[in-house]
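Each chain, written out:
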Amino acid sequence: MNHIITTLSLGLGLAFYPVQMIIAQEMPLRQVNPTEINTIWSEDEQIWGTPENPGDKWSLIRAISYSLRYLDTPKAAEVYNNYPIQGVTRDRVRRSLIRFQELLKTAKTPDALQAAIEKEFTLYQSVGHDNQGTVHFTGYFEPVYTASRQRTSEYRYPLYFEPKDFANWKKPHPTRLQLEGKDGLGNNSIIRGNELIWMRDRLEAYLVHVQGSARLKLTNGETITVGYDSSTDYPYISIGKEVVNDGIFALNELTLPRLMEYLNANPEQLSNYLPRNNRFIFFRETNGAPPQGNLSVPVTAERSIATDKSLMPPGALALIKTPIPYITNTGEIETKLVSRYVLDQDTGSAIKGPGRVDIFMGTGKEAGDRAGLISNEGQLYYLLLKN
């Protein structure tokens, strides 16, 4: 989570959506005509929740504070000084966040909140991957796995910290196959001795590379967190896309759970598919810190998104409209179309162009199950105070 949960794809390992690139990428947003806005606004029901499922208003308020923290940095000033969309400035983004946060704290009812938002804010829409506003959404998460400080017969698959001489490595960098071997054990690797932690499942170790961070329950009872530190200089290759290209699954039937089921049932295929992604991640311990996006602030479950930061305004308040899966009380998956206010706080190596968004779904298995099912079309809007 460059998705530093990293600068990766963070997606699901399934970021294989065929994006149609926009020629005029320097103009990724268009201001929504006032006559269109009334057809776009709709209430974010998750702010208020229900008696059975409390809302997450204060999580959203806290997420806004994280964006405000970023906007006060010299890096934010530099980025916005060069941002090409007229009217989208750091000052305006900052004032918009402050005002939206005030409305969240003071509004007494959902209707009052939504009326104030519609009165005071205007929308800028992403042109999408088709120049018509269509955006493809995926999900990512922070996994929770078991691991060991020492290599054992059960815990054999390492995650590595950055080698001391990494900055001096010649390019092209070694491939994934050269670094970890065909079996993933790294017995003859040039980075042997740089093992940070050992995992018992090769696919789980790889998924930490994809997600960019993890919470690890150690065999000694300790729980630690690890996060992205650096990576080799290769583009991210989705093994989901490779499986589809090989005819194992059709594009429309592949999800992260199905991909994991296939690889767990055919472990010999790990040596076939994993080395196809040469992008190799080095990790560091993060001392229990929550997962962070590439703005160096924490990301918040269902309130943080990753976009292409060469195009989209970092830290800004956004509105997404897309289907999201939920787990019912009976344990079944139910997908609902939602309107959700979010903060643009992350990026990913597979999140390229104005037509891609990754939604951070949280920590643990349920978040991972839901993230792995998100592969939907929708729309992305940014909210700014009216001038």
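Residues numbered from 1 in each chain as written. Predicted model: local features only at pLDDT ≥ 70, side-chain atom pairs only at ≥ 80, totals over all residues. Heavy atoms only, no water.

Draft legend 1. Layout of the overall build of the protein chain. Along the backbone of the protein chain there are eleven helices and 14 strands. The C-alpha radius of gyration computed for the protein chain amounts to 21 Å, which stays within 12% of the reference 21 Å derived for 387 residues, consistent with globular compactness. Principal axes of the C-alpha set define a box for the protein chain whose edges measure 65 × 50 × 40 Å. Scored against the burial criterion, the 387 residues of the protein chain give a buried share of 56%. Split by element, the accessible area of the protein chain, about 16,800 Å² in all, is 48% carbon and sulfur. Put simply, the protein chain has 41 plus and 43 minus side-chain charges, and the middle of one group is 4 Å from the middle of the other. (Helix = DSSP H or I, 4+ residues; strand = E, 2+ residues; numbered from the N terminus. Rg over C-alpha atoms; globule rule 2.2 N^0.38 Å. Buried < 20%, exposed > 50% of the residue type's maximum accessible area, 1.4 Å probe, protein only. Areas by Shrake-Rupley, 256 points an atom, 1.4 Å probe, with all protein chains shown as cover. Lys, Arg positive; Asp, Glu negative; His and termini not counted. Charge placed at Lys NZ, Arg CZ, Asp CG, Glu CD.)

Draft legend 2. Looking closely at a nonpolar patch on the surface. On the surface, Ile-327, Ile-333 and Leu-373 cluster together into a nonpolar patch covering about 210 Å² of accessible area. Structurally, Ile-333 can be placed in strand β12 (residues 333–346). What makes Ile-333 partly exposed here is its relative accessible area of 42%. (Patch = residues over 30% accessible without salt bridge, like charges linked within 9 Å, V, L, I, M, F, W, Y side chains within 5 Å. Salt bridge = Lys/Arg side-chain N within 4 Å of Asp/Glu carboxyl O.)

Draft legend 3. Inspection of the sheet that holds strand β4 (residues 144–148) at higher detail. Within the open sheet, the six strands sit side by side as β5-β6-β4-β7-β8-β9. Their pairing is mixed. In this open sheet, the two edge strands, each paired with only one partner strand, are β5 (157–160) and β9 (281–285). Neighbouring strand axes in the sheet, compared pairwise and without regard to direction, differ in orientation by 45° on average. Where β4 meets strand β7 (residues 213–218), four bridges bridge the pair, whose relative direction is parallel. Paired with Ala-147 across the two strands is Leu-218, which belongs to β7. Most of the contacts of helix α7 (residues 202–211) go to β5, to which it runs at about 20°, and overall it touches β4, β5, β6 (195–199), β7, β8 (223–231) and β9. (Pairing = 2+ DSSP bridges. Axes fitted to C-alpha atoms, helices over the stretch in contact; angles between N-to-C directions. Contact = heavy atoms within 4.5 Å.)

Draft legend 4. Structural context of helix α5 (residues 110–120). Within α5 the residues assigned to the buried category are Leu-113, Gln-114, Ala-116 and Ile-117. Buried residues of α5 fall within an arc of 160° about the axis and therefore sit on the same side. Every exposed residue of α5 that faces more than 90 degrees away from the buried side is listed here: Asp-111 and Lys-119. Residues of α5 that are buried in the fold lie against α4 (90–106), β2 (121–126), β12 and β14 (375–385). (Arc of directions from axis to C-beta.)

Draft legend 5. Fine view of the pairing of β2. Here β2 lies mainly inside the structure; six of its six residues are buried. Across the two faces of β2 the burial is the same, with Phe-121, Leu-123 and Gln-125 and Thr-122, Tyr-124 and Ser-126 all buried. With three bridges joining them, strand β1 (residues 29–31) and β2 adopt antiparallel strand pairing. Within the sheet, the bridge partner assigned to Gln-31 lies in β2 and is Tyr-124. Where β2 lies against β14, five bridges are found, and the strand directions are antiparallel. Opposite Leu-123, over in β14, you have Leu-383 as the bridge partner.

Draft legend 6. Region of the structure containing the pattern of salt bridges. Evaluated as defined, the whole model comprises 21 salt bridges. Two residues, Arg-99 and Glu-120, come together in a salt bridge whose shortest N-O distance is 2.8 Å. Remark: Glu-120 occurs in helix α5 and Arg-99 occurs in helix α4; sequence separation between them is 21 residues. Look at Arg-99 and you get partly exposed, because its relative accessible area is 27%. Lys-309 is paired through a salt bridge with Asp-344; the nearest N and O atoms lie 2.3 Å apart. Taken as a pair, Lys-309 in the loop between β10 (304–306) and β11 (317–327) and Asp-344 in strand β12 lie far apart in primary sequence, 35 residues in all. For the pair Lys-309 and Asp-344, a shared accessibility class is recorded, and that class is buried.

Draft legend 7. Focus on helix α9 (residues 256–265). Inspection of α9 places Leu-256, Leu-259, Tyr-262 and Leu-263 among the buried residues, and these make up the whole buried set. End-on, the buried residues of α9 take up no more than an arc of 125°, which puts them together on one face. Along α9, exposed side chains directed more than 90 degrees from the buried face belong to Glu-261 and Ala-265. On the buried face of α9, the contacting elements are β3 (135–142), α7, α8 (239–245), α10 (270–273) and α11 (365–371).

Draft legend 8. Looking closely at the packing of α4 against α5. The contact between α4 and α5 brings their axes to 10 Å, and the two run at 160°. The orientation of α4 relative to α5 falls into the category roughly antiparallel. By crossing handedness, the relation of α4 to α5 is classed as right-handed. Along the contact surface, α4 presents Arg-99, Phe-100, Leu-103 and Leu-104, while α5 presents Leu-113, Ala-116, Ile-117 and Glu-120. Across the contact of α4 with α5, the residue classes break down as six nonpolar, no polar and two charged. (Parallel < 35°, antiparallel > 145°, perpendicular 65-115°, else oblique. Left-handed = near helix turned anticlockwise from the far one by under 90°. Nonpolar A, V, L, I, M, F, W, Y, C, P; charged D, E, K, R; others polar.)

Draft legend 9. Local environment of unusual backbone geometry. The omega torsion of the bond from Lys-171 to Pro-172 falls at 5°, within 30 degrees of zero and hence cis. As for its position among the elements, Pro-172 is in the loop between β5 and α6 (176–180).

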